[in-house]
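# Results of the structural survey
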Amino acid sequence: MRIILIGFGVVGQSLAKLFIKRETELSSLYGFRPKVVAIADKGGIAVNQRGLDLQRMLLIKAEKGTVAADNEYGNSKMSVFDLIESLEAEVLVEVSPTNVKDGEPALSYIKSAFKAGKSVVTSNKGPLALALPALIELAEHNNVYFRFSGSVGAGTPILEFAKRCLHGDRIISVRGILNGTTNYILTEMAEGRVSFEEALQKAKQLGYAESDPSMDIDGIDAACKLVILANWVMGKRVTLKDVSIKGIRGISLKDIEAVAREGCTIKLIGSVNGRLEVKPEKIPRNSPLSVGGTLNAVTFYSEFAGEQTIIGRGAGGIETASAILRDLLDIKQELATKLLS
Amino acid sequence: MRIVMKFGGTSVATGENIRRIADIISSSVSKGHQIIAVVSALDGITEKLIEAAERAEKRDKGFIHNLGQELLNRHLRVAGEAIFNSSILKEIQLTIAATLEELEKILTGILYVGELTPRSKDYILSFGERLSAPILYGALKDVGLNTCFLTGAEAGIVTDDNFGEANPLMNVTKLQVKERLEPLLQKGMVPVVTGFIAATQDGITTTLGRGGSDYTATILGAALGAEEIWIWTDVDGLMTSDPKIVPSAKTLPELSFREALEMAVFGAKAMHPRALEPIMDSNTIVRIKNIFNPNGPETVLVKETKAKPGTVKAVTLLKDVALINISGAGMVGAPGTAAKVFEVLGKNKINILMISQGASEANISLIIRRNLMEKAVNALELALLGGGLIREITGEDDVCVISVVGAGMRNTPGIASRVFTAVARRGINVRMIAQGSSELNISFVVKESDGPAAVQAVHEEFKLGEVSSF
């Protein structure tokens, strides 16, 4: 399978490492032989129609900061759009940095990939939160596949669990912790008895929070994931502006201590139940949603199978890369069926 | 005798060449022959038109404008060199200018709409021949011949609407061509007909695809019951091998149609396979002649040849190919494996040139065009790997195909042994072998760097450099 990789940060590089490490198994167990024909990062692109040497690309990225510095395959002039339109490939993997303002440039990349007859795998929440219904329609219209399981819960198969394991049932509502950074801060406040600021500092030190943590602590990241869940799992046609969002900036140690006396804890909960909402909520300590650290947890309330909670790590490069790999294998299967039908 | 003469792109590349053609036709007419001339576009013009069509679709206004000027200059210059009489020249200049005006209109249309359909592309491509035919007509008039020029459609060729590679409705075509050209021939005229282009029953312009002008010649030949068809090119007929590889290569004096087909498929500069179809069952003779050496060696193609058993006619080398190897123990005794392979390649529009599978069934080897290798390996991997049937699919692009052609190989034991012994003596390893049961052709694959030596070895073994061996 020929792949164009847009974005060569933590997730992109993790995916490359995964391909290298599991090459033999992927081929023998799944008949999957990924061939990355182009990589684009901020500095430019590297292209080789016969497949780039990923080891070499990782090395160049580490040494020079961009794959465009490769003296044989690098190119700092060619535009990513030209690449997507003209290079032969089956799949575009879009893992460039998230932008929730307008989703660009990822949104346009994904659209042009669909038009060029290429399937897309992404973990980029920006375009999904802003335009998921439109993107799904475009993919169907162009007869290509669109997968984004890494966008919610990273490696934890939250989207697949709902879509496949609850196949045939009807999901009435969804509630869960969709952001690991805020969950770490809230856990730290409750267990370490520290203020919000102190907990945030610690999260930054450990690399759980960005230097500008607003995406996480203001609930935007969780809201994006909620939009994706609502679209994909419950068939709602909603975008980010349909979510009412409240972050955890206003939570004090005092608030947490107050609910602790009632045997509860405060969690940043995203829920779809008629309306879409992200806000701090009081959760009983014995609830399955009461998970600590950077964990994510989502509970599905289905009409017949009842209540299920799936818990797992919700962030990380290799975790997200593993979700992208799942999506690629899924597309490989679909393409094989199409070629032989 | 009635002869259809076809002049290819290089034969009409310059005014001087066109003058030469006029002299050849004139001397044939004076010998009492009836001549129908079929003419290709000037060398390089069809490629230019393809580019123009594509540029117009991309709205490249500047290119279209420059091209119009370039085409006008080139054709006027060639006409000026080919035609001496000023009033005839004037007439041709006007025709060229009017034709180019029409081309510019259609290109402008494409430019505005930004859409190039196969139908409009065929129309644009037809201009190459519509510009060259009037020049030859002028030159013939200039040397005193009674002549006229027609498009393929005006001559009566009707096709289906498979634009880009249209198929003649042969019986309608035969009837119409006879109706339209026979009276002209009776009047002693030399009709100049555009090669390559035709039209549907509704008069929409179509083209006949690669080798289209040869096809036009054989269609007209078959319709008019011509005794001979002369294909004028820039080489001395078909050779025993490529003289660049084997300096002792000789012109083949005679080949059967089927032998010529085998050679064409495997890369020899012969006629396009489709072009021989209309005359396949007739006694029409095809001569392949060199416009620059009209009295030199030529190749005659005939329906049947008496082949001397144990001889071969030619060795060809086909480059720019790739070998695809599909292997896996799971393929053994699994019906339908080959079908899946072909289906996947077919869906990706990849043509297979050569196929070989040993009776062990553990692998299938294919030869395809080299530029499609990545695409083919990728599609096969996507579709077939992981099902337990196939373990590995590999592509190698440093290979070439050598074909040994000749009807004399039929029913003669030992030919293959001689071929492979000769190759082995040079220390060359053979990667893949195929021979159809027609026995007209043995093809095998070697490393690309070994190709020339392998061709030389076979050429030498069968003494093809010595004409007496035929």
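It should be noted that the structure appears before, not after, this text.
This one's a predicted model, so the numbers in the text were calculated from it and none came from an experiment.

### Side note on helix H13 (residues 415–425) of chain B
All names here are of chain B.
- Among the residues of H13, Ile415, Val419, Phe420, Ala422 and Val423 are the ones counted as buried. Buried residues of H13, seen end-on, are gathered within an arc of 155° and therefore sit on one face of the element.
- Residues of H13 that are buried sit in contact with strand S15 (392–405), strand S16 (432–435), strand S17 (441–447) and helix H14 (451–461).
- Following H13 by one or two positions, glycine 427 adopts a phi angle in the positive range, close to 75°.

### Digging into the interface of chain B and chain A
- Each partner contributes to the interface: chain B provides 19 residues, whereas chain A provides 17 residues.
- Buried surface at the junction of chain B and chain A, both sides included, amounts to about 1600 Å², of which 50% is carbon and sulfur.
- Area buried by chain B at its contact with chain A is led by Glu374(B), Asn378(B) and Leu382(B), which between them contribute 38% of it.
- On inspection of chain B and its partner chain A, the count reaches four salt bridges.
- The salt bridge partner of Glu374(B) is Lys35(A), with a shortest N-O separation of 3.5 Å.
- Counting across the chain B and chain A interface gives ten residue pairs in polar contact (both at pLDDT 80 or more).
- Where the side of chain B that touches chain A is concerned, the elements lending two or more residues are helix H11 (337–347), helix H12 (373–384) and S15 of chain B.
- With nine residues, H12(B) is the largest single contributor of residues to the side of chain B that touches chain A.
- A breakdown of the residues in the side of chain B that touches chain A according to their chemical character gives eight nonpolar, three polar and eight charged.

### A look at the packing of H13(B) against H14(B)
Residue and element names in this part refer to chain B.
- In the contact formed by H13 and H14, the axes pass within 9 Å of each other and the chain directions differ by 130°. As summarised for this structure, H13 and H14 are arranged oblique, according to the angle between their axes. Here H13 and H14 pass one another in a crossing that is right-handed. Along its contact with H13, which presents Arg418, Val419, Ala422, Val423 and Arg425, the element H14 presents Ala454, Ala457, Val458 and Glu461.

### Section: the pattern of salt bridges
- Here the structure, examined in full by the defined rule, presents 49 salt bridges over all chains.
- Across the pair Glu102(B) and Arg130(B) runs a salt bridge whose closest N-O atoms are separated by 3.0 Å. Taken together, the positions of Glu102(B) in helix H4 (residues 86–113) and Arg130(B) in helix H6 (residues 127–142) put the pair 28 residues apart, joining distant regions of the chain.
- Here Arg370(B) ties to Glu448(B) by a salt bridge, and the two come within 3.1 Å at their closest N and O atoms. Placement of the pair is Arg370(B) in the loop between strand S14 (363–369) and H12 and Glu448(B) in the loop between S17 and H14, with a sequence separation of 78 residues.
- One continuous salt-bridge network, built from bridges that share partners, spans Arg175(A), Arg275(A), Glu277(A), Lys279(A) and Glu281(A).

### Section: the pairing of S17(B)
Residues and elements named next belong to chain B.
- Across the seven residues that make up S17, a large majority, six, are buried.
- With seven bridges joining them, S15 and S17 adopt antiparallel strand pairing. Opposite valine 399, over in S17, you have lysine 447 as the bridge partner.
- Where S16 lies against S17, four bridges are found, and the strand directions are antiparallel. Its bridge partner lying in S17, isoleucine 433 is registered against phenylalanine 444.

Conventions adopted
Residues numbered from 1 in each chain as written. Chains lettered and ligands numbered in written order. Predicted model: local features only at pLDDT ≥ 70, side-chain atom pairs only at ≥ 80, totals over all residues. Heavy atoms only, no water. Buried < 20%, exposed > 50% of the residue type's maximum accessible area, 1.4 Å probe, protein only. Helix = DSSP H or I, 4+ residues; strand = E, 2+ residues; numbered from the N terminus. Arc of directions from axis to C-beta. Contact = heavy atoms within 4.5 Å. Buried area = accessible area lost by both parts, 1.4 Å probe. Salt bridge = Lys/Arg side-chain N within 4 Å of Asp/Glu carboxyl O. Polar contact = N/O pair within 3.5 Å; in protein donor to acceptor, adjacent residues only side chain to side chain. Nonpolar A, V, L, I, M, F, W, Y, C, P; charged D, E, K, R; others polar. Axes fitted to C-alpha atoms, helices over the stretch in contact; angles between N-to-C directions. Parallel < 35°, antiparallel > 145°, perpendicular 65-115°, else oblique. Left-handed = near helix turned anticlockwise from the far one by under 90°. Pairing = 2+ DSSP bridges.

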